[in-house]
Amino acid sequence: MKKKILILGGSSLISVNIAYFFKRSYDLYLACNSKKPLIENTKSFFTSFKKKNLISLLKKIHPSIVIISLANTNIEDCEKFKRKTKLINYEIVKIIVDLSKIYKFKIIFFSTDQVYSGNENNSNENNSLLPLNYYAKTKILSEKYIQKNIKNSLILRTNFFGYGPKYRNSFSDSILNSYEKKITKSYFVDNKFSSIYMPYLAKILNQLINKNCKGIFNLCSSDSLSKYDFAYYLLKKFKPKVKYIKKSYLKSNIALVNRPLNMSMSNKKLLKKINLKIPLIKNQILKMRKDHNGKYYLFMKKLKVSYK
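Below is a short write-up of the structure. (Residues numbered from 1 in each chain as written. Predicted model: local features only at pLDDT ≥ 70, side-chain atom pairs only at ≥ 80, totals over all residues. Heavy atoms only, no water.)

### A look at the overall build of the protein chain
Phase 1 of the analysis: Assigned secondary structure in the protein chain consists of 11 helices and 16 strands.
Phase 2 of the analysis: The C-alpha radius of gyration of the protein chain comes to 19 Å, within 12% of the 19 Å expected for a compact globule of 308 residues.
Phase 3 of the analysis: Its C-alpha atoms give the protein chain principal-axis dimensions of roughly 55 × 40 × 40 Å.
Phase 4 of the analysis: Within the protein chain, the fraction of its 308 residues that count as buried is 55%.
Phase 5 of the analysis: Once local pairs closer than 6 in sequence are excluded, the contacts in the protein chain between residues at least 24 apart make up 77%.
Phase 6 of the analysis: For the protein chain, the exposed area adds up to about 14800 Å²; of that, 50% sits on carbon and sulfur atoms. (Helix = DSSP H or I, 4+ residues; strand = E, 2+ residues; numbered from the N terminus. Rg over C-alpha atoms; globule rule 2.2 N^0.38 Å. Buried < 20%, exposed > 50% of the residue type's maximum accessible area, 1.4 Å probe, protein only. Contact = heavy atoms within 4.5 Å. Areas by Shrake-Rupley, 256 points an atom, 1.4 Å probe, with all protein chains shown as cover.)

Quick look at the structure:
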């Protein structure tokens, strides 16, 4: 019998990617707020994420795993609307954690590379946490509440790229879309990250689930690139010429909410648990290029959605 997985935040970028790669291996239920992706072999529905609604869902579905990808991830928006952000990014997580004790399901929580200070290269899971913005603060609050209250939970600090649906572009989508529209955009040369291609993220997540892994893991690539270098290599693989991009510096951009300069992470702990070689980011970009116009790409770009 297939495991039942309930995904909270079912229309998010990471959720629809997980749904695509997991839809034949698990019984998937996507709980959505304002928009509902219509995905074959999955059940999607609207809910308000209030406690009584969540209890009703849990009683009806009886999931063995609940994946929490529900979050406000817009850093500027998080800083401006702290009350709303705390409700989505922390208070709902608390409710789910408390309910897991009653309904006996495993929690998988997607966190972020923003929790690290940015002062160290290749941060590992034992490095000290220093939230530089309210988004990171709420993620750390959720991580700590989960760790304090549940032993068999899985917290994944990650950053990812790949194909997204029309209503929710990924970072790599936005780079390619700007090129098509001939819009020149600036990318930071002093802001590094260890982003991972979503098909690899899904494969790793599947292995972690099958091995019933618990604890905190950096789910990321083994190397890192600056945002500018990432954009450069992406366009180099996808387009005849690299243009419509220019260099900028996060350190000197005072208009933005504070962010870590160095978001590179170490995945050594993860590699000890999985049976998968993670290619360098440049090779993952090449894999993304090969996937262009393939089943994964077409699924995302043709994904139908209903709105509340």
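On we go from here.
### Points about helix 1 (residues 13-22)
Phase 1 of the analysis: Among the 10 residues that make up helix 1, nine are buried, leaving the element largely enclosed by the rest of the structure.
Phase 2 of the analysis: For helix 1, the full list of buried residues reads L13, I14, S15, V16, N17, I18, A19, Y20 and F22.

### With respect to the sheet that holds strand 4 (residues 42-46)
Phase 1 of the analysis: Spatially, seven strands are ordered 4-2-1-5-6-7-12 in an open sheet, and the strand pairing comes out parallel. Looking along the sheet, the strands with just one partner apiece sit at the ends: strand 4 and strand 12 (215-219). Neighbouring strand axes in the sheet, compared pairwise and without regard to direction, differ in orientation by 20 degrees on average.
Phase 2 of the analysis: As paired strands, strand 1 (residues 4-8) and strand 5 (residues 65-68) are joined by four bridges and run parallel to one another. Residue pairing across strands places L6 opposite V66, the latter belonging to strand 5.
Phase 3 of the analysis: Strands strand 1, strand 2 (27-32), strand 4 and strand 5 of the sheet are contacted by helix 2 (residues 51-61), whose axis makes an angle of about 160 degrees with strand 1.
Phase 4 of the analysis: Across the sheet, helix 5 (residues 134-149) lies against strand 6 (106-112), strand 7 (154-158) and strand 12, angled at about 155 degrees from strand 6, the strand it touches most. (Pairing = 2+ DSSP bridges. Axes fitted to C-alpha atoms, helices over the stretch in contact; angles between N-to-C directions.)

### A closer look at the pattern of salt bridges
Phase 1 of the analysis: Applying the stated criterion to the full structure yields six salt bridges.
Phase 2 of the analysis: Put simply, K239 and E180 hold a salt bridge, and the shortest N to O gap is 2.0 Å. Residue K239 is located in the loop between helix 8 (227-238) and strand 14 (245-248), and its partner E180 is located in helix 6 (residues 171-180); the two are separated by 59 residues in the primary sequence.
Phase 3 of the analysis: For K239, a relative accessible area of 18% corresponds to the buried category.
Phase 4 of the analysis: Note that K287 is salt-bridged to D291, the shortest N-O span being 2.9 Å. Of the two residues, K287 and D291 are both situated in helix 10 (residues 281-291); the distance of four residues between them amounts to about one turn of the helix.
Phase 5 of the analysis: Judged by its relative accessible area of 30%, K287 is partly exposed. (Salt bridge = Lys/Arg side-chain N within 4 Å of Asp/Glu carboxyl O.)

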